[in-house]
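Chains, contacts and geometry: an overview
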There are 2 protein chains.
Amino acid sequence: MYCVDNKHFPCSTSLTMKYIGGKWKSVILIHLTKDKKRYNELRKEIPTITERTLSLQLKELEADGLVCRKVYTSKPPLKVEYGLTSFGQTLIPVLDAISHWGKEASKAHKKIKIEP
Amino acid sequence: MYCVDNKHFPCSTSLTMKYIGGKWKSVILIHLTKDKKRYNELRKEIPTITERTLSLQLKELEADGLVCRKVYTSKPPLKVEYGLTSFGQTLIPVLDAISHWGKEASKAHKKIKIEP
DNA sequence: CCGCATCCCAGGCGATACTG
DNA sequence: CAGTATCGCCTGGGATGCGG
């Protein structure tokens, strides 16, 4: 049993999935592992995400302390950058593992023999 | 752009999350990395999952070729075991990374300084 | 450029009860 | 023991439009 922020998780795996689970969080995070990114850069690199969802997910990631939002201009056009916090950076090995497995799986999928 | 089973994913990360995303899949899988498990063993080790959900998730994992279901008796009481397929075993490093990060995060969470 | 507001929906997930 | 059946909530996420 693990506990963070007064929330309980039956195991450490479910705790991690609370941070990187969902359809988009890990995708956003992996784009931020390489560089800080602006909002529109993220949109272009993740073409199938909607603005609303990107906005909401970034907020949640920020609230979770994984992502840091920096505003560089006070008047429009705004310049905002998103980057990983030091806490967020601890996730990089996990995100790399996830990304790597996806690549291998897509390569190998047709040849794989599904057996015990 | 990645493609598996006629489904498209914007990046390899989202492909992986299709397999291990959701609230429970990774939790079930990590319990199977150590040993084959029976249905009720999994229920006991994941106390907060419902029977229905466990059943549905196991079916999906089986359909995805990650988990293998073996029936050992033809008459009740049934004996059924779930284990990872060879394809599912390729996920072990990913699952270990996820589990490990969750442990570290829960330990460190209160001391973490959230900064860029 | 960077969002928020509103509306809406599928399907993920839970609770409970029942079966071979 | 190992599941199904039924019901219903609730939230993640899509579509569209507006605002600083």
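You'll find the structure just up there.
In this report, the structure presented in the accompanying data block is examined. Since we're looking at a predicted model, the values are computed, not measured. (Residues numbered from 1 in each chain as written. Chains lettered and ligands numbered in written order. Predicted model: local features only at pLDDT ≥ 70, side-chain atom pairs only at ≥ 80, totals over all residues. Heavy atoms only, no water.)

**A look at the protein's contact with DNA strand C**
As a structural note, the neighbourhood of DNA strand C is formed by 19 residues, with Ser55, Lys59, Arg69 and Tyr82 of chain A together with Arg52 of chain B the closest of them. The protein-proximal atoms of DNA strand C, defined as those within 4 Å of the protein, are 65% sugar or phosphate. Between a phosphate oxygen of DNA strand C and a main-chain N or O atom of Lys23 of chain B, the distance comes to 2.9 Å. One nitrogen or oxygen atom from the side chain of Trp24 of chain B is found 3.3 Å from a phosphate oxygen belonging to DNA strand C. Elements with a contribution of two residues or more to the surface near DNA strand C: helix 3 (39-45), helix 4 (51-63) and strand 5 (80-84) of chain A together with helix 4 (51-63) of chain B. With four residues, the single largest contributor to the surface near DNA strand C is helix 4 of chain A. Here the residues of the surface near DNA strand C are counted per class, giving six nonpolar, six polar and seven charged. (Near = heavy atom within 4 Å. Polar contact = N/O pair within 3.5 Å; in protein donor to acceptor, adjacent residues only side chain to side chain. Helix = DSSP H or I, 4+ residues; strand = E, 2+ residues; numbered from the N terminus. Nonpolar A, V, L, I, M, F, W, Y, C, P; charged D, E, K, R; others polar.)

**Some details on the state of the cysteines**
Applying the stated rule across the entire model yields zero disulfides over all chains. Considering cysteine sulfurs only, Cys3 of chain B is the nearest to Cys11 of chain B, which forms no disulfide, with 14 Å between them. (Disulfide = S-S within 2.5 Å.)

**A few points about the relation of the copies chain A and chain B**
Copies of the same chain, two in number, are related to each other by a rotation about an axis and a translation along it. For the match of chain A to chain B, the screw axis carries a shift of 0.0 Å, the RMSD comes to 0.1 Å, and the turn is 180 degrees. Expressed as an axis order, the relation between the two copies is that of a two-fold axis. Interface residue correspondence from chain A to chain B reaches 100%, placing this contact among same-surface, isologous pairings. (Least-squares fit on C-alpha atoms with pLDDT ≥ 70 in both. Contact = heavy atoms within 4.5 Å.)

**Brief notes about helix 1 (residues 12-20) of chain A**
Residue and element names in this part refer to chain A. With respect to burial, helix 1 is a largely interior element, eight of its nine residues being buried. Where helix 1 is concerned, the buried positions are Ser12, Thr13, Ser14, Leu15, Thr16, Met17, Tyr19 and Ile20. Positive phi appears at Gly22, one or two residues downstream of helix 1, with a value of about 80 degrees. (Buried < 20%, exposed > 50% of the residue type's maximum accessible area, 1.4 Å probe, protein only.)

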